[in-house]
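# Commentary on secondary and tertiary structure
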Number of protein chains: 2
Amino acid sequence: MEWFVEESNGYGLMIKVKKKLYEHKGLQYIEIYETEFGKMLVLDGRIQLIEKFESSYHEMLVHVPMLTHPKPRKVLIIGGGDGGTAREVLKHEPDEIVMVEIDRNVVDACRKFIGVDKGALKDPHLTLLIEDGIEYVRSCKEKFDVLIVDGTDPSPASKSLFSEEFYSACARISDICSMQSQSPILQKREFQLILANTSPFAKRRVYLSYIPMYPGGMWSFLLAGDNLDASIDEIKKRFEEREIETEYYTPLLHLAAFTLPKWLEKIVNEYIK
Amino acid sequence: MEWFVEESNGYGLMIKVKKKLYEHKGLQYIEIYETEFGKMLVLDGRIQLIEKFESSYHEMLVHVPMLTHPKPRKVLIIGGGDGGTAREVLKHEPDEIVMVEIDRNVVDACRKFIGVDKGALKDPHLTLLIEDGIEYVRSCKEKFDVLIVDGTDPSPASKSLFSEEFYSACARISDICSMQSQSPILQKREFQLILANTSPFAKRRVYLSYIPMYPGGMWSFLLAGDNLDASIDEIKKRFEEREIETEYYTPLLHLAAFTLPKWLEKIVNEYIK
């Protein structure tokens, strides 16, 4: 195979591949390739991660909620089997990370063939639970400072991750929550489903990142919780005090990412008053 | 043909096509398709425009320089044969637009099969010259308030559009200039070539837009000239006074578009002190 192809509603993304490194059909169909842009993880035919581009996903998913919180000591990650999210969370030196990933094969294959976690998945501050994240959140008795939902596109296996019941439980157990919320332009229906079902959160704001490994290159995230009003000066101060090193994220980009194109602002305003 | 495919350095973009509407091999190889996202213009195998996505290109190319200028009365467009740039410039009601497009077939085919110019190419304020834009700028004795370079990717035919000599002439005849400057991530070499060769301008700033019709979805522009320091309040005021209607652009997005990812800031800082 010379090109890996991902189609999405009349739009396609192709990545030139050099070699297939791994393949496994279990809970999900896992593929790992060597490409022109480094290692690539594919789950059920959807590109999850390419080394050259992944910082614009993981850094924006993680540092936006983590720096909005004044002192995130306890962090919950739902999904994120490749370990990129855990890697970024660890830069904030929290006391405790709980990561709930449903598919052990993703964790094992990513550690063995990609290594994007940079050792995070074996960090002593991280507890990895191989179980259903939705069940975990539903029955959870603890509270977390920050909750990060690092899930795949909606699929038969993951569609409960996009339900109002799940988001309601997330709001109950966390101060601040972030999640990927699909392409607003190529997956408008899924994006709107997330906006409709996240109403249990007191406050919500949509932000964007340039992610060439996802169709269309424009990807959205939702920041949600009771208090999202960190000023740019507070964010800068926290970023410096915690000595965060990044490739993509800056505090100014954090601020700019919430400024949406006019057509997207209109859609968001239909759901968030 | 079911999919149109554009490859760019190991990365590919596919658009599902319904029908080929036009094809002509002349100065450039012109193709026009009906797609899932409206009409699509392709020149020499590169997607130039898709109706659903074009506002994020034309509005950012045009309104950023036009609103940075306090009173743009005379505007020069180099290229822009589809007419989308002229359409956006006309929203500012300038006294005069000169548009210099090298390929009459592009103009005629776009007017006949796409119509994205919304009549702009026949507007009485617009003078359309079918000639080489580089020659025009080199020998030009007039001065323009705003100059917009709406060219294709570098190719044997267009590579002089990326030369220091051309940019030097642009700086001589205009107050403010904007140009598309390629994908900084997938066409880093061309992006850096533009940064290196635009040094004749007194001031330069790079900005970004989400453009799913170009590979990777992240596209860059360069704003250049003697004075680029319009405040957000001035931009807002001009936007309101001129009663500009947009799909993508807002004054806040104008400001946010100059905030670059950290890795890109580093590259830009190597060229712009």
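Residues numbered from 1 in each chain as written. Chains lettered and ligands numbered in written order. Predicted model: local features only at pLDDT ≥ 70, side-chain atom pairs only at ≥ 80, totals over all residues.

What follows deals with the sheet that holds strand S8 (residues 126-130) of chain A. Residues and elements named next belong to chain A. The strand order S8-S7-S6-S9-S10-S12-S11 describes an open sheet built from 7 strands, whose pairing is mixed. Edge strands, defined here as strands with exactly one partner in the open sheet, are S8 and strand S11 (203-210). The average angle at which neighbouring strand axes cross in this sheet is 15°, direction not considered. Relative to strand S10 (residues 174-180), strand S9 (residues 144-150) runs parallel, the two being bridged by 5 bridges. Bridge pairing links Val149 to Met179 in S10. Each of S9, S10, S11 and strand S12 (218-225) is contacted by helix H1 (residues 55-68), which is oriented at about 165° to S10, the strand it contacts most. (Pairing = 2+ DSSP bridges. Helix = DSSP H or I, 4+ residues; strand = E, 2+ residues; numbered from the N terminus. Axes fitted to C-alpha atoms, helices over the stretch in contact; angles between N-to-C directions. Contact = placed C-beta atoms within 7 Å.)

In the predicted model, chain A carries a mean pLDDT of 96, and the fraction of residues at 70 or more is 99%. Both scores are given for the predicted complex: the pTM is 0.97, the ipTM 0.96. (pLDDT = per-residue confidence, 0-100.)

Another aspect to go through is the relation of the copies chain B and chain A. With an axial shift of 0.0 Å and an RMSD of 0.0 Å, the rotation relating chain B to chain A amounts to 180°. In short, the pair behaves as if placed about a two-fold rotation axis. Most of the interface of chain B is mirrored in chain A, where 100% of its interface residues are also at the interface. (Least-squares fit on C-alpha atoms with pLDDT ≥ 70 in both.)

All right, on to the nonpolar core then. Counting 172 residues, the largest nonpolar core has A:Ile15 and B:Ile15 as its most contacted members. Every residue in contact with B:Ile15, bar those within four places of it in the chain, is listed here: A:Tyr11, B:Trp3, B:Phe4, B:Thr35, B:Phe37, B:Met40, B:Ile47 and B:Ile50. (Core = buried A, V, L, I, M, F, W, Y, C linked by C-beta atoms within 7 Å. Buried ≥ 20, exposed ≤ 12 C-beta atoms within 10 Å, placed from the backbone.)

With that settled, consider the domain arrangement of chain A. Residue and element names in this part refer to chain A. If you check the domain split of chain A, you get domain 1 (3-50) and domain 2 (55-271). Every element with two or more residues in the side of domain 1 that touches domain 2 is listed here: strand S1 (3-8), strand S2 (11-25), strand S3 (29-35), strand S4 (38-43) and strand S5 (46-50). Split into classes, the residues belonging to the side of domain 1 that touches domain 2 amount to 12 nonpolar, 6 polar and 4 charged. (Domains from an automatic or database assignment. Nonpolar A, V, L, I, M, F, W, Y, C, P; charged D, E, K, R; others polar.)

Residue and element names in this part refer to chain B. Counted residue by residue, strand S4 (residues 38-43) has 5 buried out of 6 residues, so it is predominantly covered. The hairpin turn running from strand S3 (residues 29-35) into S4, its antiparallel successor, is 2 residues long. Note: S4 against strand S5 (residues 46-50), 4 bridges, orientation antiparallel. When the sheet's bridge partners are listed, Leu43 is paired in S5 with Arg46. Two successive antiparallel strands, S4 and S5, enclose a turn made up of 2 residues, where Asp44 displays a positive phi of approximately 50°.

With that settled, consider the interface of chain B and chain A. Each partner contributes to the interface: chain B provides 29 residues, whereas chain A provides 29 residues. Elements that contribute at least two residues to the side of chain B that touches chain A include exactly strand S2 (11-25), helix H8 (251-256) and helix H9 (262-271) of chain B. In terms of residue count, S2(B) provides more of the side of chain B that touches chain A than any other element does, 6 residues in total. Here the side of chain B that touches chain A is built from residues that sort into 17 nonpolar, 8 polar and 4 charged. Examined bridge by bridge, S2(A) and S2(B) share 5 bridges and lie antiparallel to one another. Counterpart to A:Met14 in the pairing with S2(B) is B:Gly12.

Right, let's talk about H1(A) for a bit. When the terminal C-alpha atoms of H1(A) are compared, their 19 Å separation across 14 residues agrees well with the 20 Å that a helix rising 1.5 Å per residue should span. Where burial is concerned, most of H1(A) is hidden: 14 out of the 14 residues are buried. (Expected span 1.5 Å × (residues − 1).)

Next up on the list: the environment of B:Glu240. Tracing the backbone through its elements, the reader meets B:Glu240 in helix H7 (residues 232-241). You can call B:Glu240 exposed: it has 10 C-beta atoms within 10 Å.

Relative to the assigned elements, B:Tyr210 resides in strand S11 (residues 203-210). What makes B:Tyr210 buried here is the crowd of 27 C-beta atoms within 10 Å. Apart from the residues lying within four places of it in its own chain, the contact partners of B:Tyr210 are A:Tyr210, A:Gly217, A:Met218, B:Ser56 and B:Gly217.

Here the focus is the pairing of strand S7 (residues 96-101) of chain B. Residues and elements named next belong to chain B. Taken together, the 5 bridges between strand S6 (residues 74-79) and S7 define a ladder with parallel strand orientation. From the neighbouring strand, Lys74 faces S7, where its bridge partner is Glu96. With respect to chirality, the unit in which S6 leads through helix H2 (residues 84-90) into the neighbouring parallel S7 is right-handed. Bridge count for S7 against strand S8 (residues 126-130) is 5 bridges, and the pairing is parallel. Bridge pairing links Ile97 to Leu126 in S8. Between the parallel elements S7 and S8, the chain passes through helix H3 (residues 104-113) in a crossover that is right-handed. (Right-handed = clockwise from strand over helix to strand, strands pointing away.)

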